[in-house]
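A closer look at the structure
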Amino acid sequence: MTDSAMGGPETIRASIDYDLCQGHQMCTLGLPSAFQVGDDDEGRAVVVAPIHPASEQEALEDVQDSCPQGAIILERIATTHTGRTQ
């Protein structure tokens, strides 16, 4: 990925659609630095590290593809020169 038109490098925000998540926990196995098992009774995962550098795109996409419910959401975001995400 290249620097965005906003002047900074792109990063990736990971999130979970809890309406879709069924607690299969494939994301926690595939990328435990980003997803961990949550406290709810259904065993659904939680995102513990939502922001990732573009260099982790492939690993994030692998986790997204492994989710049988399609509950992992990846969003490219631009980072400003101050390091804040847009």
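Figured I'd write up the structure that's included with this text. (Residues numbered from 1 in each chain as written. Predicted model: local features only at pLDDT ≥ 70, side-chain atom pairs only at ≥ 80, totals over all residues. Heavy atoms only, no water.)

**Observations regarding the nonpolar core**
Ile16, Cys27, Leu31, Phe35, Val63 and Ile72 are the most contacted members of the largest nonpolar core, which has 14 residues in total. Looking at this core, the elements that each hand over two or more residues are β1 (10-16) and α2 (57-66). The element best represented in this core is β1, accounting for 3 residues. Leave out the neighbours within four places in its chain, and isoleucine 72 touches Ser15, Ile16, Cys27, Phe35, Val63, Gln64 and Cys67. (Core = buried A, V, L, I, M, F, W, Y, C linked by side-chain atoms within 4.5 Å. Buried < 20%, exposed > 50% of the residue type's maximum accessible area, 1.4 Å probe, protein only. Helix = DSSP H or I, 4+ residues; strand = E, 2+ residues; numbered from the N terminus. Contact = heavy atoms within 4.5 Å.)

**Overview of the sheet that holds β1**
Read across the sheet, 3 strands follow the order β4-β1-β5 without closing on themselves; strand pairing throughout is antiparallel. At either end of the open sheet lies a strand with only one pairing partner, and these are β4 (51-53) and β5 (72-78). When the angles between neighbouring strand axes are averaged without regard to direction, this sheet yields 30°. Here β1 runs beside β5; their pairing, made up of 7 bridges, is antiparallel. Within β5, the residue paired with serine 15 across the bridge is isoleucine 73. Contacting β1, β4 and β5, α2 runs over the sheet at an angle of about 155° to β5. (Pairing = 2+ DSSP bridges. Axes fitted to C-alpha atoms, helices over the stretch in contact; angles between N-to-C directions.)

**A short note on the pattern of salt bridges**
Within the structure shown, the criterion is met by 4 salt bridges. The shortest N-O distance in the salt bridge between arginine 13 and glutamate 75 comes to 3.2 Å. On the criterion of sequence distance, the pair formed by arginine 13 in strand β1 and glutamate 75 in strand β5 is long-range, its members being 62 residues apart. The partly exposed category is assigned to glutamate 75, whose relative accessible area is 38%. A network of salt bridges, in which partner residues are shared, links Asp40, Glu42 and Arg44. (Salt bridge = Lys/Arg side-chain N within 4 Å of Asp/Glu carboxyl O.)

By themselves, these are just geometric observations and shouldn't be taken as functional.
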